[in-house]
Amino acid sequence: PFQFLALDISSDDVLTLSDAFDHLVHRESLDHYTNVNGLQVDAVKQILVEGLPPVLVLHLKRFVFCAEKGVQKLHKYLSYPMLLNIEPRWVSPLKKRALSNAAYRLTTVIYHHGEWAGGGHYTCDVLRQPGEWVRFDDINIEYLPSENH
C-alpha cells in the first residue's frame, strides 16, 4: 500500500519539494552511449511517474559524500506543502490522464537531529487529526501549535 521514493536535495536549485521532484524527472543527456548494436549514440534518460500508491513515503536525501570530508549532512531548509499535488510534468505521457488531480496530504514528518550519518537523534511529528500535530521524542509526547506545519 506504500511506495518509498528518495529525493536528492543537494542541488542549489532545490529549495522546495516541488523542486526536488523537478530535479528527479529532469532529462539527462547520455553522450556516447553504446546501444545494443555496439554503436555509440547520443541518448536521453528520464525518470517519470508511472503509478501512484495509496501512501507515498518521501525520503529527502540529506547526507552526501564529499571526497575531502566523507559523508556530510546537508543543513538546508526545504519547503514542503501540506498537500502535494502530483504535477503533470512528473508523470509519463501515457499515465497523465489516469493520474491527473492526484495529491497526497502530509501526515508525518521524521527529523534527524545531529551532524553525522552515523549518529544523532530522530523525532517524529504526526498529524493526529486536522489541525492537531503531535511530536514524538522518545518517551516525550508534545502537542504542537498548528502553525508549526
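Below is a short write-up of the structure. (Residues numbered from 1 in each chain as written. Predicted model: local features only at pLDDT ≥ 70, side-chain atom pairs only at ≥ 80, totals over all residues. Heavy atoms only, no water.)

## Structural notes on the pattern of salt bridges
Where charged atoms of side chains with opposite charge meet at close range, the side chains can pair. According to the stated counting rule, one finds five salt bridges in the structure shown. Here Lys 45 and Glu 28 are joined by a salt bridge, their closest N and O atoms 3.5 Å apart. Here Lys 45, found in strand β3 (residues 40-45), pairs with Glu 28, found in strand β2 (residues 28-34); they are 17 residues apart in sequence, far enough to count as distant. Arg 89 is the salt-bridge partner of Glu 87, the closest N and O atoms lying 3.8 Å from each other. Here the residues in one salt-bridge network are Asp 22, Glu 87 and Arg 89, joined through shared partners. (Salt bridge = Lys/Arg side-chain N within 4 Å of Asp/Glu carboxyl O. Helix = DSSP H or I, 4+ residues; strand = E, 2+ residues; numbered from the N terminus.)

## A word on the sheet that holds strand β10 (residues 121-129)
With antiparallel pairing, four strands are arranged side by side in an open sheet as β9-β10-β11-β12. The open sheet has two free edges, formed respectively by β9 (108-113) and β12 (140-144), since each of these has just one partner strand. Across this sheet, the average inter-strand angle for adjacent strands is 20°, counted without regard to direction. The pairing of β9 with β10 spans six bridges and is antiparallel. By the bridge assignment for β10, Thr 108 is matched with Val 126. (Pairing = 2+ DSSP bridges. Axes fitted to C-alpha atoms, helices over the stretch in contact; angles between N-to-C directions.)

## Observations regarding the side chain of Glu 132
Residue placement: Glu 132 occurs in strand β11 (residues 132-137). Among the polar contacts made by the side chain of Glu 132, one reaches the side chain of Arg 128 at a distance of 2.7 Å. Beyond its immediate sequence surroundings of up to four residues, Glu 132 is in contact with Val 126, Leu 127 and Tyr 143. (Polar contact = N/O pair within 3.5 Å; in protein donor to acceptor, adjacent residues only side chain to side chain. Contact = heavy atoms within 4.5 Å.)

## A closer look at unusual backbone geometry
Despite not being glycine, His 32 has its phi angle at roughly 60°, a positive value. Positive phi outside glycine occurs at Asn 101, with the angle close to 70°. Note that Asn 101 resides in the loop between β7 (83-85) and β8 (103-105). When its relative accessible area of 77% is taken as the criterion, Asn 101 is described as exposed. (Buried < 20%, exposed > 50% of the residue type's maximum accessible area, 1.4 Å probe, protein only.)

## Focus: the pairing of strand β6 (residues 70-73)
Every regular strand shows the same layout, with side chains that alternate between the two sheet faces. As defined by bridge partners, strand β5 (residues 63-66) adjoins β6 across four bridges and the pair is classed as antiparallel. Across the sheet, residue Phe 63 finds its bridge partner in β6, namely Lys 73. Turn length for the β5-β6 hairpin, with the two strands adjacent in sequence and antiparallel, is three residues.

## Notes on a nonpolar patch on the surface
Residues Phe 2, Phe 4, Val 55 and Val 57 make up a contiguous nonpolar surface patch of about 380 Å² in total accessible area. For Val 57, the location among the structural elements is in strand β4 (residues 55-61). We classify Val 57 as partly exposed; its relative accessible area is 33%. (Patch = residues over 30% accessible without salt bridge, like charges linked within 9 Å, V, L, I, M, F, W, Y side chains within 5 Å. Areas by Shrake-Rupley, 256 points an atom, 1.4 Å probe, with all protein chains shown as cover.)

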